[in-house]
Amino acid sequence: MYDLSKLSLLSFEVGDKCNLQRLHDKCPINHRTYTHTEHCLNTEIILDSIQMAKQLNFNGYIAFHYYNEPLLYLDKILDVINRAPNNKYLLWTNGLLLDRIPENNEFLRLFEYICITCYDPKNMPFFLKIKDMYKKVEIFDWELDDRLQAYSRPHCNKISCKRILFEIPIDYHGNVHLCCVDWNNQFEIGNIFEKSLFDIVRGVVYQSITEMGHKKFIDGNCPDVCKRCNAVWDKYQAISPIV
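Figured I'd write up the structure that's included with this text.

Things to note about the overall build of the protein chain
Looking only at helices and strands, the protein chain features seven helices and eight strands. Expected size for 243 residues packed as a compact globule is a radius of gyration near 18 Å; at 18 Å, the protein chain falls within 12% of this value. Based on the C-alpha atoms only, the size of the protein chain along its principal axes is roughly 55 × 40 × 35 Å. Out of the 243 residues in the protein chain, the part that is buried amounts to 52%.

Looking at the packing of aromatic side chains
Under the criterion given, the structure shown has 10 aromatic pairs. Aromatic pair Y66 and Y67: ring centres 5.0 Å apart, planes at 70°, arrangement edge-to-face. A single burial state applies to Y66 and to Y67, both of which are buried. The interplanar angle of 50° and the centroid separation of 5.8 Å between the aromatic rings of F126 and F127 together place this pair among those described as tilted. For the pair formed by F126 and F127, the shared burial category is buried. Three or more aromatic residues joined by ring pairs make a cluster, and in this case those are W92, F140 and W142. One residue, R202, lies across the ring of Y2, its end atom 4.6 Å from the ring centre.

Let's talk about the nonpolar core
Nonpolar side chains in soluble globular proteins generally cluster together in the buried interior. Judged by nonpolar contacts, the single largest core of 69 residues is most densely connected at L4, F12, F64, F111, I168 and I170. Examining the composition of this core, we find that five residues originate from one element, helix α1 (residues 43–55), more than from any other. Among the nonpolar cores identified, the runner-up in size contains 11 residues, and Y61, A63, F140 and W233 belong to it.

Looking at the pairing of strand β5 (residues 137–141)
The pairing of strand β4 (residues 113–118) with β5 spans five bridges and is classified as parallel. Within β5, the residue paired with C118 across the bridge is D141.

Remarks on the pattern of salt bridges
Scanning the model with the defined rule gives eight salt bridges in all. Residue E106 pairs with R109 through a salt bridge whose shortest N-O separation is 2.9 Å. According to the relative accessible area criterion, E106 is partly exposed, its value standing at 43%. A salt bridge links D219 to K215; the shortest N-O distance between them is 3.2 Å. Using a relative accessible area of 28% as the deciding quantity, one classes D219 as partly exposed.

Here's the deal with unusual backbone geometry
Its identity is not glycine, yet N57 carries a phi of approximately 75°, on the positive side. Positive phi, close to 65°, is recorded for K135, a residue that is not glycine. If you trace the backbone, K135 turns up in the loop between α3 (124–134) and β5.

Re the side chain of S8
Its location among the elements puts S8 in the segment before β1 (9–12). S8 gets classed as buried once you look at its relative accessible area, which sits at 8%. In this view, S8 contacts F58, G60, Y61, F166, Y236, A238 and I239; residues no more than four positions away in its chain are not counted.

A short note on helix α2 (residues 74–83)
Listed in full, the buried residues belonging to α2 are I77, L78, V80 and I81. Buried residues of α2, viewed axially, fall in a sector of 155°; they line one side. Facing away from the buried side of α2 by more than 90 degrees, the exposed set consists of D75 and N82. Looking at the buried positions of α2, the neighbouring elements they touch are α1 and β3 (88–93).

A short note on the pairing of β3
Two strands pair when backbone bridges link them, and strand β2 (residues 61–63) and β3 are joined in this way by two bridges, in the parallel orientation. Its bridge partner lying in β3, I62 is registered against Y89. On the question of chirality, the crossover connecting β2 to the parallel β3 by way of α2 is right-handed.

A look at the packing of α1 against α2
At a minimum axis distance of 10 Å, the contact between α1 and α2 shows a crossing angle of 45°. On the basis of the axis angle, α1 is oblique to α2. Where α1 crosses over α2, the two elements pack in a sense that is right-handed. Across the interface between the two elements, T43, E44, I46, L47 and I50 of α1 pack against K76, D79, V80 and R83 of α2. Of the residues belonging to the contact of α1 with α2, the class tally is four nonpolar, one polar and four charged.

Rules used throughout
- Residues numbered from 1 in each chain as written.
- Predicted model: local features only at pLDDT ≥ 70, side-chain atom pairs only at ≥ 80, totals over all residues.
- Heavy atoms only, no water.
- Helix = DSSP H or I, 4+ residues; strand = E, 2+ residues; numbered from the N terminus.
- Rg over C-alpha atoms; globule rule 2.2 N^0.38 Å.
- Buried < 20%, exposed > 50% of the residue type's maximum accessible area, 1.4 Å probe, protein only.
- Phe/Tyr/Trp six-rings, centres within 6.5 Å; stacked < 30°, edge-to-face > 60°.
- Lys NZ or Arg CZ within 6 Å of the ring centre and 35° of its normal.
- Core = buried A, V, L, I, M, F, W, Y, C linked by side-chain atoms within 4.5 Å.
- Pairing = 2+ DSSP bridges.
- Salt bridge = Lys/Arg side-chain N within 4 Å of Asp/Glu carboxyl O.
- Contact = heavy atoms within 4.5 Å.
- Arc of directions from axis to C-beta.
- Right-handed = clockwise from strand over helix to strand, strands pointing away.
- Axes fitted to C-alpha atoms, helices over the stretch in contact; angles between N-to-C directions.
- Parallel < 35°, antiparallel > 145°, perpendicular 65-115°, else oblique.
- Left-handed = near helix turned anticlockwise from the far one by under 90°.
- Nonpolar A, V, L, I, M, F, W, Y, C, P; charged D, E, K, R; others polar.

Structural data, given as structure tokens:
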């Protein structure tokens, strides 16, 4: 019941800035209001939370993104990896802060899996060079998203989402989120500065929401944002790195 062995991703938002936020007015990073702001994620709380997740049999990937650009905080990320090297780490980045000389990005070899979101086709040739050199790289050709309507869409969803079974995202101030759609954390699960990740996972709120994830349809206790969602995961999708 308190087992995280099926969880694929434990994501820590190691900073609250993105190098594209001024170019993307509709990004939630420009609009969100944090539930708690008393503390910010540091290496110690991240390491403690990783250890607690492993006590609950977590063996997935540890990542450093949510609505931020992780490469703005590379020193903090490398500190975590250097102090806890026996884990699987994932980097999800827009890739714009990578050195344009591919061989100068040797730190990428510390990651088991690298995801690059390409928002501008002119960057694709460089990203392909990175993929050729560092191998375990997947490139996503996506447009800048618009999730601001997550709380104002009409209720249109009746399917129980499996995303909660896939990832635990934790924002810069320690708030545990449902998923990236609930960008303003309207459904509160807990804060790792107020209660340990171990206790949050074992708590009534997290247990009830994961129980819903195992069902086929949502019920009356479903968070409102889930009822309004247009990006429901109707099937569980574990991460399968490129080999």
